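Residues per chain, in single letters:
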Amino acid sequence: ADASIGMTGLTVTLRDTRDYYYQDLARIIITTVVVVLGILIILLRALVAPLYLVASVVLSYLSSLGLSVLVFQVLLDQQLHWSVPGLTFIISVAMGADYSMLLISRIRDESPRGIRSGVIRTVTQTGGVITVAGLIFSASMIGLQFSSITTLVQIGFIISVGILLDTFVVRTVTVPALAVLVGKANWWPSKWQPPPPTRAPRQPDPEPDPVTTGAPQ
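All of these numbers come straight from a predicted model, not from anything done at the bench.

Draft legend 1. Broad picture of the side chain of Ser-100. If you trace the backbone, Ser-100 turns up in helix α3 (residues 84-109). Non-local contacts of Ser-100, meaning those with residues more than four positions away in its chain, are made with Leu-53, Val-57 and Arg-171.

What follows is the structure in structure tokens.
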């Protein structure tokens, strides 16, 4: 009655690892969101903008995860590996929040005449750079599609699709639209005011050359 049975081997080890992972998954997600949100709050000195930035990044990740379920589990009849959701969540949220931070910071700096004009100037001047950066990172993740390990293929697919959604939907449409709708409340509760637009000093008119303006000889 007091006997105990123990099992060892690769299968049991993987099962225990999976069980520990499922137990820690909620803590991993909460810690990632709280840390990223805290960094955005500190850097932006605001509460409203960081909230919808993190929410938009999480939404793009959930969209890419849903597409991966459709592709792998429905179309290809392959189960997602148990380690894929947590790992891809950390990478996707970190990259998406990074690019969104650059975008919203530039919007704040480019808004001396109002948030709407600042959004237009920001998207026009920096949208291409941020888009290229997202395409480069997504292309590197697409390279994992040629791996013979299914887990790496799934990781690369989720991250690349998430970055593409974040690049062409979140940072191009969602974040600028939310910034315009929220207006000055983006920077609440800070008292930040955009600096007044600077004008280049007017150059004095050149003085006429006495040689060329003199009477003809």
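So, next bit.
Draft legend 2. Inspection of the pattern of salt bridges at higher detail. Tallied over the entire structure, the rule returns five salt bridges. Among the ionic pairs, Asp-19 bridges to Arg-18, the shortest N-O distance being 4.0 Å. Taking relative accessible area as the criterion, Asp-19 reaches 31% and is therefore assigned partly exposed. A relative accessible area of 32% places Arg-18 in the partly exposed class. Taking the shortest distance from any N to any O, the salt bridge between Glu-110 and Arg-121 comes out at 2.9 Å. Residue Glu-110 is located in the loop between α3 and α4 (115-142), and its partner Arg-121 is located in helix α4; the two are separated by eleven residues in the primary sequence. Each of Arg-106, Glu-110 and Arg-121 takes part in one network of salt bridges that share partners.

Draft legend 3. Local environment of the packing of α3 against helix α5 (residues 150-182). At a minimum axis separation of 9 Å, α3 and α5 run at an interaxial angle of 25 degrees. Taken as axis vectors, α3 and α5 run roughly parallel relative to one another. Like other packed secondary-structure pairs, α3 and α5 cross with a definite hand, here right-handed. Seen from α3, the contacting residues are Val-84, Leu-87, Thr-88, Ile-91, Ser-92, Met-95, Gly-96, Tyr-99, Ser-100, Leu-103, Ile-104 and Ile-107; seen from α5, they are Thr-151, Gln-154, Ile-155, Ile-158, Ile-159, Ile-163, Asp-166, Arg-171, Val-175, Pro-176 and Ala-179. The residue inventory of the contact of α3 with α5, partitioned by class, reads 15 nonpolar, six polar and two charged.

Draft legend 4. Expanded view of the packing of helix α1 (residues 10-44) against α3. Their axes nearest at 11 Å, the elements α1 and α3 cross at an angle of 10 degrees. The angle between the axes of α1 and α3 places the two elements in the roughly parallel class. Together, Tyr-21, Leu-25, Ile-28, Ile-29, Thr-32, Val-33, Val-36, Leu-40, Leu-43 and Leu-44 of α1 and Pro-85, Gly-86, Leu-87, Phe-89, Ile-90, Val-93, Ala-97, Met-101, Ile-104, Ser-105 and Arg-108 of α3 make up the contact between the two elements. Taken together, the residues that form the contact of α1 with α3 break down as 17 nonpolar, three polar and one charged.

Draft legend 5. Representation of empty space enclosed by the protein within the structure. All told, the structure shown has one cavity of 30 Å³ or more when counted by the stated rule. Its boundaries defined by the atoms lining it, the largest cavity holds a volume of some 30 Å³. Taken together, Val-57, Ser-60, Tyr-61, Ser-92, Val-93, Gly-96, Gly-162, Ile-163 and Asp-166 make up the full set of residues lining the largest cavity. Looking at the lining of the largest cavity, the elements with two or more residues in it are α2 (48-75), α3 and α5. Looking at the lining of the largest cavity residue by residue, the class counts come to four nonpolar, four polar and one charged.

Draft legend 6. Fine view of unusual backbone geometry. The phi angle at Arg-45 is positive, at roughly 55 degrees, despite the residue not being glycine. The residue Arg-45 is located in the loop between α1 and α2 in this model. Non-glycine residue Asp-77 carries a positive phi angle of around 55 degrees. Inspection of the secondary structure assignment puts Asp-77 in the loop between α2 and α3. A relative accessible area of 65% places Asp-77 in the exposed class.

Definitions and limits used
- Residues numbered from 1 in each chain as written.
- Predicted model: local features only at pLDDT ≥ 70, side-chain atom pairs only at ≥ 80, totals over all residues.
- Heavy atoms only, no water.
- Helix = DSSP H or I, 4+ residues; strand = E, 2+ residues; numbered from the N terminus.
- Contact = heavy atoms within 4.5 Å.
- Salt bridge = Lys/Arg side-chain N within 4 Å of Asp/Glu carboxyl O.
- Buried < 20%, exposed > 50% of the residue type's maximum accessible area, 1.4 Å probe, protein only.
- Axes fitted to C-alpha atoms, helices over the stretch in contact; angles between N-to-C directions.
- Parallel < 35°, antiparallel > 145°, perpendicular 65-115°, else oblique.
- Left-handed = near helix turned anticlockwise from the far one by under 90°.
- Nonpolar A, V, L, I, M, F, W, Y, C, P; charged D, E, K, R; others polar.
- 1 Å grid on protein atoms, 1.4 Å probe; cavity = no way out; pocket = protein on both sides within 12 Å on 5 of 7 lines; lining within 4 Å.
- Points joined across faces, edges and corners; volume = space filled by probe spheres on them.

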